[in-house]
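Residue-level listing of the chains:
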Amino acid sequence: MSSVFRSRTARITLSNLSPGPNSQHAQKRLGRGQGSGRGGTSGRGHKGQKARAGNGKPKAGFEGGQTPITKRFPKKGFVNPNRKVYAPINLDRIQYWIDQGRLQSSPENPITARELLLSGCIHNVHDGIKLLGDNAPFLKTPIHIAPSRASQSAIKAVESVGGSVFCQYYNPLALRDCVKGRADRISAAPTRRTDILWYTNWRNRGYLSPEAIVKNPKVEERWKELSKQLLSFKDQTFD
């Protein structure tokens, strides 16, 4: 009669938990006599900066007193605090996503950063979406899109096939609300002069330009008042 042996693994519970083999070591005891191997100088050697009490490590970049490398080279350039990084999107990629059925648009429901991000057409919205006109001949479907910025070649290509482009300003909070689909907060209006001039210019298809106020089917009443206020400087005269 043959006997069958089965290996059984004990069930792990709090009562049989234990550290892994060789995972724990005894504490290194310093200064306990020459016989221990770490007596006298306790493994620090004789004198010197690293043998002193209080660690004695210099700060990062210290080179012993000579002029450090960070001071030997001059400063160059600057960091622009108002710099914005836009996520580029080309027309041929949008057409490919439309052919796959992953994107669709209408004048009442244009493509925004939310649709592009959720469909996987872009992977990060950064500070907004910029529509570019690379491979414009591949665009065959009329699209309606509301990016943050758009190039002149992209605007021309979209409108040539019957689509529309209306560039809308988003600050970080408004862009986050757009991506999350929130509509319970009023989006911010442009405040910097460069943004005001850009979004009130019809050449850029700015959503606050007088032409966009008339042609955009999704225009809000607040935008009409903003457009008047932001463009009032053109009619002002000074003595």
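Residues numbered from 1 in each chain as written. Predicted model: local features only at pLDDT ≥ 70, side-chain atom pairs only at ≥ 80, totals over all residues. Heavy atoms only, no water.

Engineer: Honestly, the layout of surface pockets in this entry has me stumped. Any pointers?
Structural biologist: Think of a ball as big as a water molecule: rolled over the atoms, this probe shows where empty space is left. Of the voids in this model, the largest pocket is the one considered here, and its volume is about 680 Å³. In this structure, the largest pocket is lined by 30 residues; those nearest its centre are Gln168, Tyr170, Cys178, Lys218 and Glu220. Mapped by element, the contributors of at least two residues to the lining of the largest pocket are helix H3 (113–118), strand S3 (144–145), helix H5 (172–180) and helix H8 (221–230). Considering every element that reaches the lining of the largest pocket, the biggest residue donor is H5, with 3 residues. Tallied by class, the residues present in the lining of the largest pocket amount to 13 nonpolar, 8 polar and 9 charged. (1 Å grid on protein atoms, 1.4 Å probe; cavity = no way out; pocket = protein on both sides within 12 Å on 5 of 7 lines; lining within 4 Å. Points joined across faces, edges and corners; volume = space filled by probe spheres on them. Helix = DSSP H or I, 4+ residues; strand = E, 2+ residues; numbered from the N terminus. Nonpolar A, V, L, I, M, F, W, Y, C, P; charged D, E, K, R; others polar.)

Engineer: Even after reading the chapter, I still don't get the nonpolar core, so can you show me in this structure?
Structural biologist: General note: in soluble globular proteins, nonpolar side chains tend to be found buried as a group. With 41 residues, the main nonpolar core has Ile94, Leu103, Ile129, Leu131 and Val165 as its most contacted residues. Listed by contribution, the elements that provide at least two residues to this core are strand S1 (87–90), helix H2 (91–99), H3, strand S2 (129–132), helix H4 (152–160), H5, helix H6 (193–199) and H8. Residues in contact with Val165, not counting those within four places in the same chain, are Leu131, Ile145, Pro147, Ala150, Ile155, Val158 and Arg205. (Core = buried A, V, L, I, M, F, W, Y, C linked by side-chain atoms within 4.5 Å. Buried < 20%, exposed > 50% of the residue type's maximum accessible area, 1.4 Å probe, protein only. Contact = heavy atoms within 4.5 Å.)

Engineer: How should the sheet that holds S2 be read in this particular structure?
Structural biologist: In a beta sheet, neighbouring strands pair by backbone hydrogen bonds and run either parallel or antiparallel. Read from one edge of the open sheet, 3 strands run S1-S2-S4, paired in parallel fashion. For this open sheet the edge positions go to S1 and strand S4 (149–150), each flanked by a neighbour on one side alone. Taken together, the 4 bridges between S1 and S2 define a ladder with parallel strand orientation. In the strand pairing of S2, Pro88 is matched with Lys130. (Pairing = 2+ DSSP bridges.)

Engineer: Just to check I follow, could you spell out the packing of aromatic side chains for this structure?
Structural biologist: How two aromatic rings sit relative to each other is set out by the distance from centre to centre and by the angle between their planes. Summed over the entire model, instances satisfying the criterion amount to 6 aromatic pairs. Through successive ring pairs, a cluster of aromatic residues spans Tyr169, Trp198, Tyr199, Tyr207 and Trp223. The side chain of Arg149 reaches across the aromatic face of Trp198, ending 4.1 Å from its centre. A cation over a ring is seen here: Arg205 above Trp202, with NZ or CZ 4.3 Å from the ring centre. (Phe/Tyr/Trp six-rings, centres within 6.5 Å; stacked < 30°, edge-to-face > 60°. Lys NZ or Arg CZ within 6 Å of the ring centre and 35° of its normal.)

Engineer: It is not clear to me how H5 should be interpreted in this structure. Could you clarify?
Structural biologist: Owing to its 3.6 residues per turn, the α-helix brings residues three or four apart onto one side. Restricting attention to buried positions, one finds in H5 the residues Ala174, Leu175, Asp177, Cys178 and Val179. Looking at the buried residues of H5, the elements they touch are H3.

Engineer: Got a minute to help me understand a nonpolar patch on the surface in this structure?
Structural biologist: Together, Ile12, Leu14 and Leu17 make up a nonpolar patch on the protein surface, roughly 400 Å² of accessible area in all. Within the element layout of this structure, Ile12 appears in the segment before helix H1 (69–72). Residue Ile12 is classed as exposed on the basis of its relative accessible area of 67%. (Patch = residues over 30% accessible without salt bridge, like charges linked within 9 Å, V, L, I, M, F, W, Y side chains within 5 Å. Areas by Shrake-Rupley, 256 points an atom, 1.4 Å probe, with all protein chains shown as cover. Salt bridge = Lys/Arg side-chain N within 4 Å of Asp/Glu carboxyl O.)

Engineer: Which parts of the structure should I look at to understand empty space enclosed by the protein?
Structural biologist: In total, this model carries 1 cavity of 30 Å³ or more according to the counting rule given. Of the pockets and cavities examined, the largest cavity occupies roughly 30 Å³. Considering the residues around the largest cavity, the lining is formed by Thr112, Ala113, Ile129, Ala146, Pro147, Ser148, Tyr170 and Cys178. Of the residues in the lining of the largest cavity, the class split is 6 nonpolar, 2 polar and no charged.

Engineer: Any chance you could explain the pattern of salt bridges here in plain terms?
Structural biologist: Where charged atoms of side chains with opposite charge meet at close range, the side chains can pair. In the structure shown here, the tally under the stated rule is 6 salt bridges. Note that Arg72 is salt-bridged to Glu63, the shortest N-O span being 3.1 Å. A relative accessible area of 44% places Arg72 in the partly exposed class. For Glu63, a relative accessible area of 29% translates into the label partly exposed. Across the pair Asp177 and Arg185 runs a salt bridge, and its minimum N-O distance is 2.7 Å.

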